[in-house]
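Letter by letter, the chains look like this.
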Amino acid sequence: MGKSFDIGLERLTGTGVPRIGETQDGGVKPPLHNAGRQEAGATLVASFEEKNRTLKGAGCGTHDSEGSTFYLETFGCQMNDHDSEKVAGLLLARGYRQVDGPEAAKVILYNTCSIREKAAQKVFSRLGELRPADEQDGKSFNTEDTEREHRVHRDGRVLEKNHPSQRKIVNAGGGKIIGVLGCVAQQEGEGIFERAPWVSLVCGSASYRKLPQLIAELEAGNRRVTGLDTDTDETFETEITRRDNPWRAYLTIIEGCDKACSYCVVPFTRGPERSRASASILEEVRRLAEAGYSEVQLLGQTVNSYADPSARKMRFSELLAAVAEVRGIRRVRFTTSHPRDFGKDIVEAIEAHPTLCDHVHLPVQSGSTAVLRAMARTYSREEYLEKIGLMKAARRPISITTDMIVGFPGETEKDFEATLALLDEVQYDSVFAFKYSPRPNTPSLKMADAIPEEEKGRRLAILMDRQREIQRVRNERTVGETFEVLVDGKSRRENQWSGHTSSNRVLNFTSPEQELLGDYVQVKVVSAMPNSLVGEMVGRA
Ligand code: 5AD
Ligand code: SF4
């Protein structure tokens with residue numbers, strides 16, 4: 001597939017956290033990013049096309065749309081990234097070819113995120129770039145990328161996952177199909193057609209199975225098509241997934257969210273919780289291991305609320321143990337966990353299975369019980385700290401990371417101080433921090449005592465400073481220690497490599513070896529920064 005399968009380095013540096021500020025717990029792939037490797041000027045030499053071919057198997061021979069091309073750009077969390085891997089798999093199986101820019105594509109798809117206002121704005125900025133020359137409807141589009149995520153993460157993740165800041169305006173004429181997928185699609189629905197009449201397809205994540213059919217309808221002459229149901233009990237499984245990372249495979253085990261945090265759009269955009277049967281998950285993990293993936297990451301907005309729909313009724317902790325025991329799998333990650341469903345059994349599973357990584361992402365959102373109540377998070381500060389206590393008492397150290405929101409309506413200076421004190425108490429290894437962003441349909445939209453933007457910014461800066469210092473000290477303590485690292489980046493500079501530890505720290509290191517990508521090696525830490533470690537290879541794992 002040539003260039004279209006090149007993976008940007010940033011796609012390999014994701015952690016278990018929801019991303020670009022979009023976590024899993026909100027997903028977020030979480031918000032996926034990178035820093036340490038960028039520092040090292042790393043480039044990626046990927047050899048995973050072969051694996052993709054293996055995984056695709058015979059199924060991709062259906063050439064319904066032979067010759068057609070698609071461009072797919074993804075915003076937001078790891079869930080979105082993985083959904084895009086599956087969407088790409090679906091289209092490739094139908095004979096489409098993926099291209100790396102909208103100019104050359106017949107079908108242009110944006111898989112969108114709406115967790116915060118700025119993330120949602122991004123797609124309209126992209127759509128503005130596609131406005132046909134003859135569209136004179138006077139609507140204004142912001143074509144600037146204004147999104148700036150604020151987080152202190154040891155990955156030092158990049159802000160802009162897919163694209164450089166200089167962007168071309170593409171004229172969408174010439175019979176291109178332009179589609180909006182994901183959370184903005186679900187949230188704005190047909191309103192997107194009003195705002196950007198050159199869009200012809202709007203499809204939420206619960207309807208992706210219908211995508212090929214929707215595209216076929218457009219090709220048959222329909223002007224506009226939508227897939228916006230969320231009342232499905234299906235999960236989005238496909239035979240073929242075009243995986244971006246040659247060593248780490250993502251697997252969604254639960255979709256949607258039944259929690260009702262008062263600030264969050266996810267229950268609206270991704271629908272109710274639907275879990276995938278344990279046997280089907282384990283079968284896929286076995287296939288992935290056979291295809292050469294050594295790390296799997298189990299995904300869900302609230303991954304530990306997993307409820308096996310099959311007669312086997314595996315608990316989440318049992319599923320973790322079963323995945324950990326699959327031959328060939330060396331690392332198992334999971335994200336994002338909700339504190340309410342986080343119990344001792346999960347910690348015991350981690351203790352019993354070294355294959356389960358020693359990292360838990362447990363979003364707290366606030367250190368104040370009053371704010372937590374207003375957020376409808378279902379736990380108090382003390383109850384959250386009990387869960388932290390379970391991990392701190394574990395037989396091996398577990399790295400803990402979190403998400404926090406500052407400036408929630410009514411958050412007093414005292415509440416904010418309680419959040420800062422929580423940082424000191426828990427000693428997180430990484431924190432994703434966000435300014436509260438009012439979202440459509442959410443209960444917190446109507447809450448009194450909104451905090452001014454400027455004050456939110458002040459609190460965010462204070463929180464990040466405090467956390468940066470905590471990470472500096474914590475990382476410095478690792479100097480002299482040796483960690484097992486999965487090597488996933490190679491620098492342009494000679495002998496420079498990078499990888500992740502089981503605790504998901506980024507470790508940049510030197511080694512004279514010629515080929516290490518995808519290998520597990522032992523690296524001794526020689527110096528530390530707040531967001532990454534520097535070391536030298538001392539042996540093979
Ligand atoms: N404003 C700010 N941050 C939010 N998050 C979710 N909704 C909002 C919002 N309305 C954050 C939470 C969640 C992460 C994925 O995004 O911290 O854990
Ligand atoms: Fe996470 Fe709460 Fe949003 Fe569900 S509603 S995705 S638990 S923040």
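Reading the values: the criteria
Residues numbered from 1 in each chain as written. Chains lettered and ligands numbered in written order. Predicted model: local features only at pLDDT ≥ 70, side-chain atom pairs only at ≥ 80, totals over all residues. Heavy atoms only, no water. Helix = DSSP H or I, 4+ residues; strand = E, 2+ residues; numbered from the N terminus. Areas by Shrake-Rupley, 256 points an atom, 1.4 Å probe, with all protein chains shown as cover. Expected span 1.5 Å × (residues − 1). Buried < 20%, exposed > 50% of the residue type's maximum accessible area, 1.4 Å probe, protein only. Contact = heavy atoms within 4.5 Å. Polar contact = N/O pair within 3.5 Å; in protein donor to acceptor, adjacent residues only side chain to side chain. Salt bridge = Lys/Arg side-chain N within 4 Å of Asp/Glu carboxyl O. pLDDT = per-residue confidence, 0-100. 1 Å grid on protein atoms, 1.4 Å probe; cavity = no way out; pocket = protein on both sides within 12 Å on 5 of 7 lines; lining within 4 Å. Points joined across faces, edges and corners; volume = space filled by probe spheres on them. Nonpolar A, V, L, I, M, F, W, Y, C, P; charged D, E, K, R; others polar. Core = buried A, V, L, I, M, F, W, Y, C linked by side-chain atoms within 4.5 Å. Pairing = 2+ DSSP bridges. Axes fitted to C-alpha atoms, helices over the stretch in contact; angles between N-to-C directions. Phe/Tyr/Trp six-rings, centres within 6.5 Å; stacked < 30°, edge-to-face > 60°. Lys NZ or Arg CZ within 6 Å of the ring centre and 35° of its normal. Parallel < 35°, antiparallel > 145°, perpendicular 65-115°, else oblique. Left-handed = near helix turned anticlockwise from the far one by under 90°.

Chemist: Is there a simple way to think about the overall build of the protein chain in this case?
Modeler: Helix and strand counts for the protein chain stand at 15 helices and 21 strands. Surface accessibility of the protein chain: about 20100 Å² in total, with carbon and sulfur atoms responsible for 48%.

Chemist: Please explain helix α15 (residues 453-476) as it appears in this structure.
Modeler: Since there are 3.6 residues in each turn of an α-helix, residues three or four apart along the chain are aligned in direction. Here α15 contains 24 residues, and its C-alpha end-to-end distance of 34 Å stays within 8% of the 34 Å for a straight helix at 1.5 Å per residue. Of all the positions in α15, only E455, K456, R459, L460, L463, M464, Q467, I470, Q471, R474 and N475 are classed as buried.

Chemist: Looking at this model, I keep getting lost on the environment of Y379. Mind explaining?
Modeler: Assignment of secondary structure puts Y379 in the loop between α12 (369-374) and α13 (381-392). A relative accessible area of 8% places Y379 in the buried class. Sequence-distant contacts of Y379, defined by excluding residues within four places in its chain, comprise H338, P339, P363, V364, Q365, L372 and Y384. At a separation of 3.4 Å, a polar atom in the side chain of Y379 contacts the main-chain carbonyl oxygen of P363.

Chemist: Explanation requested: the pattern of salt bridges in the structure shown.
Modeler: Any two side chains of opposite charge can pair if their charged atoms end up close together. As enumerated under the stated definition, the model contains 36 salt bridges in all. The partner of E117 in a salt bridge is R439, and the shortest N-O contact between them spans 3.0 Å. Residue E117 is located in helix α4 (residues 117-129), and its partner R439 is located in the loop between β16 (430-435) and α15; the two are separated by 322 residues in the primary sequence. Residue classification places E117 among the partly exposed residues on the basis of a relative accessible area of 37%. R439 gets classed as buried once you look at its relative accessible area, which sits at 2%. A single salt-bridge network, built from bridges that share partners, covers E411, E413, E455, R458 and R459.

Chemist: Help me out: how do you make sense of the confidence of the model for the protein chain in this one?
Modeler: As a general rule, the predicted coordinates of low-pLDDT regions are not to be interpreted in detail. Confidence in the prediction of the protein chain, expressed as mean pLDDT, is 83, and 80% of residues score 70 or more. Contacts for the low-pLDDT stretch residues 1-63, under 50 throughout, to residues beyond four places or in other chains number 278 contacts. Across residues 138-167 the pLDDT falls below 50, and counting only partners more than four positions away or on other chains, this stretch makes 133 contacts in the model.

Chemist: Sorry, what's going on with empty space enclosed by the protein here?
Modeler: The gaps of empty space that remain are located by a probe, the size of a water molecule, rolled over the atoms. In this structure, the second largest cavity encloses a volume near 150 Å³. As for the second largest cavity, its lining consists of 17 residues, of which T238, E239, T241, R243 and E284 are closest to the centre. Mapped by element, the contributors of at least two residues to the lining of the second largest cavity are α3 (78-93), β9 (248-252) and α9 (278-290). Tallied by class, the residues present in the lining of the second largest cavity amount to six nonpolar, four polar and seven charged.

Chemist: Before we go on, may I ask you to explain the nonpolar core in this structure?
Modeler: Membership of the largest hydrophobic core comes to 92 residues, with the highest contact counts inside it found for L127 and Y428. Per-element tally for this core: the top contributor is helix α10 (residues 316-324), with six residues. Ignoring any residue separated from it by four or fewer positions in sequence, one finds L127 in contact with Y110, I178, V180, I192, A196, W198 and V199. Listed in part, the 21 residues of the second largest apolar core include L72, A88, L109 and L214.

Chemist: Hey, could you run me through the sheet that holds strand β4 (residues 107-112) in this one?
Modeler: The pairing of strands in a sheet comes from backbone hydrogen bonds and takes either a parallel or an antiparallel form. Pairing in this open sheet of six strands is parallel, and the strands run β3-β2-β4-β6-β7-β8 from one edge to the other. Two strands bound the open sheet, and with one partner strand each, they are β3 (97-98) and β8 (225-227). Note: strand β7 (residues 201-203) against β8, three bridges, orientation parallel. Within β8, the residue paired with V202 across the bridge is T226. Its contacts with the sheet put α4 on β2 (69-74), β4 and β6 (177-181), and the angle it makes with β4 is roughly 165 degrees. Sheet contacts for helix α7 (residues 211-219): β4, β6, β7 and β8; angle to β7, the most-contacted strand, approximately 165 degrees.

Chemist: Teacher, can you tell me more about the packing of aromatic side chains here?
Modeler: Here a ring pair, both rings aromatic, is described through the centre-centre distance and the interplanar angle of the planes. With the rule as written, the count across this model stands at seven aromatic pairs. Judged by centre distance (6.4 Å) and plane angle (45 degrees), the ring pair of F75 and Y110 falls under tilted. Residue F75 is found in the loop between β2 and α3, and its partner Y110 is found in strand β4; the two are separated by 35 residues along the sequence. For F75, a relative accessible area of 6% translates into the label buried. Given a relative accessible area of 1%, Y110 falls into the buried group. Sitting over the face of the ring of F434, R116 holds its NZ or CZ atom 3.7 Å from the ring centroid. The ring of Y520 carries R330 above its face, with NZ or CZ at 4.0 Å from the centroid.

Chemist: Honestly, the packing of α13 against helix α14 (residues 413-426) in this entry has me stumped. Any pointers?
Modeler: Packed helices, taken two at a time, are described by the angle between their axes plus the distance between the axes. For the pair α13 and α14, interaxial distance at closest approach is 12 Å and the crossing angle is 15 degrees. Classified by the angle their axes make, α13 and α14 are roughly parallel. Crossing angle aside, the handedness with which α13 passes α14 is right-handed. Together, R381, Y384, L385, I388 and K392 of α13 and A418, A421, L422, E425 and V426 of α14 make up the contact between the two elements. Among the residues forming the contact of α13 with α14, the class breakdown is seven nonpolar, no polar and three charged.

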